[in-house]
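Listed here are the chains, written in short residue letters.
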Amino acid sequence: MQQEKTADAISGKILRRDELFALRRRENPNLTQNTFSWQLAEEIRLGTLQHLGRNTYRVNDMNTAYPMKKYNYPSSREIEELTKLIREAYPFAEFQIWESAQYNEFLNHLLAKNIIFVESEKMLIESIYETLRKAEKYHVLVAPTLNEMKRYVDNNTIILTKLTTQSPKNKDDSTQPPLEKLLTDLYANRYLKCSISIDEYSQVFNRALTTYQISFPRLKRYAQRRNVYDKILPYLFPEAGEI
């Protein structure tokens with residue numbers, strides 16, 4: 001009974017590790033740091049706890065919590081073909097390929113057109129463009145202006161741009177951006193603003209943050225690098241900005 005009252009009292013709050021340990025020790029005076037660490041790992045897996053970084057955690061509502069999933073977007077045929085083509089031509093190149101359709105699962109209104117983004121090292125942009133042009137099957141725009149985008153973008157048009165240095169990478173596939181990058185790029189990628197209404201942003205963040213595992217430290221680092229952290233902060237958990 002006491003444990004349930006404690007859980008209800010801290011539900012939704014953000015606590016430091018030492019604060020959380022002190023609360024758990026009140027319930028179980030024999031609790032050791034080693035056992036506590038195992039408990040934290042299990043609660044994060046179950047979704048009752050979220051690790052926000054720097055030994056800081058958010059306690060979720062135990063009545064509604066469920067296991068947070070790892071974000072894994074199943075690549076479309078177009079993405080797979082492009083990845084293979086570029087990788088074979090430039091085996092040591094650093095690049096990422098993703099598409100605006102990846103946001104559809106978070107939106108209330110599905111996107112009418114899909115845009116494929118190919119981001120690469122600056123010195124390879126022209127070379128990759130020539131490789132795609134010679135394939136004679138892709139509609140490619142190199143860093144177009146917003147007016148050019150509005151005029152010439154069609155479904156599955158490829159926009160080729162520079163990959164921001166130190167962009168976060170997906171551990172399983174470095175050519176696929178992690179969810180932290182996709183969320184940040186709502187503000188950092190100017191082309192998305194022409195496709196996704198800002199009125200949808202709150203829904204995108206809410207669904208992403210309550211469905212998938214998010215590394216707040218990684219999101220914060222990338223957002224700060226793109227100078228948009230202050231813009232996305234209101235969509236995060238209120239206290240996350242202090243982490």
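Residues numbered from 1 in each chain as written. Predicted model: local features only at pLDDT ≥ 70, side-chain atom pairs only at ≥ 80, totals over all residues. Heavy atoms only, no water.

Draft legend 1. Spotlight on the pattern of salt bridges. Tallied over the full model, the rule gives 11 salt bridges. Across the salt bridge formed by Arg77 and Glu78, the nearest N and O atoms sit 3.2 Å from each other. One network of salt bridges, in which partners are shared, links Arg77, Glu78, Glu81 and Lys137. (Salt bridge = Lys/Arg side-chain N within 4 Å of Asp/Glu carboxyl O.)

Draft legend 2. Seen up close, the packing of aromatic side chains. Counting across every chain of the model gives nine aromatic pairs. Aromatic side chains Trp98 and Tyr103 sit 6.3 Å apart centroid to centroid with 70° between the ring planes, which places their arrangement in the edge-to-face category. Taking relative accessible area as the criterion, Tyr103 reaches 1% and is therefore assigned buried. Taking the centre distance of 6.3 Å and the plane angle of 35° together, the rings of Tyr187 and Tyr235 count as tilted. Taken together, the residues Tyr187 in helix H7 (residues 179-188) and Tyr235 in the segment after helix H10 (229-232) connect sequence positions 48 residues apart. For Tyr187, a relative accessible area of 13% puts it in the buried group. Overall, Tyr235 belongs to the partly exposed group, its relative accessible area being 23%. Here the aromatic cluster, defined as three or more aromatic residues joined through ring pairs, consists of Tyr187, Tyr201, Phe205 and Tyr235. (Phe/Tyr/Trp six-rings, centres within 6.5 Å; stacked < 30°, edge-to-face > 60°. Buried < 20%, exposed > 50% of the residue type's maximum accessible area, 1.4 Å probe, protein only. Helix = DSSP H or I, 4+ residues; strand = E, 2+ residues; numbered from the N terminus.)

Draft legend 3. Spotlight on the packing of helix H2 (residues 17-27) against helix H3 (residues 33-46). Contact pair H2 / H3: the axes reach a minimum separation of 11 Å and the direction vectors enclose 105°. On the basis of their axis angle, the class for H2 and H3 is roughly perpendicular. Residue-level inspection shows Arg17, Leu20, Phe21 and Arg24 of H2 in contact with H3, the latter providing Gln33, Phe36, Ser37, Gln39, Leu40 and Glu43. Its residues assigned to classes, the contact of H2 with H3 comprises four nonpolar, three polar and three charged. (Axes fitted to C-alpha atoms, helices over the stretch in contact; angles between N-to-C directions. Parallel < 35°, antiparallel > 145°, perpendicular 65-115°, else oblique. Contact = heavy atoms within 4.5 Å. Nonpolar A, V, L, I, M, F, W, Y, C, P; charged D, E, K, R; others polar.)

Draft legend 4. Representation of the pairing of strand E3 (residues 56-59). What you see with E3 is no split at all: Thr56 and Arg58 on one side and Tyr57 and Val59 on the other are buried throughout. If you look at the hairpin formed by strand E2 (residues 49-53) and E3, you'll find two residues sitting between the two strands, and Arg54 has a positive phi there, around 50°. (Pairing = 2+ DSSP bridges.)

Draft legend 5. Focus on the nonpolar core. Counting 38 residues, the largest nonpolar core has Tyr103, Leu179, Leu183 and Ile196 as its most contacted members. Looking at this core, the element that brings in the most residues is H7, giving six residues. Ile97, Ile116, Val118 and Leu124 belong to the second largest nonpolar core, which has 16 residues in total. (Core = buried A, V, L, I, M, F, W, Y, C linked by side-chain atoms within 4.5 Å.)

Draft legend 6. Structural detail: the sheet that holds strand E7 (residues 157-162). The four strands lie next to each other as E4-E5-E7-E6, forming an open sheet whose pairing is mixed. On the outer flanks of this sheet lie strand E4 (95-99) and strand E6 (140-142), each paired with one strand and no other. In this sheet, adjacent strand axes meet at a mean angle of 20° when their direction is disregarded. Bridge count for strand E5 (residues 115-120) against E7 is six bridges, and the pairing is parallel. Looking across to E7, one finds that Glu119 is bridged to Thr161. Contacting E4, E5 and E7, helix H4 (residues 77-89) runs over the sheet at an angle of about 165° to E4. Strands E5, E6 and E7 of the sheet are contacted by helix H5 (residues 125-134), whose axis makes an angle of about 160° with E7.

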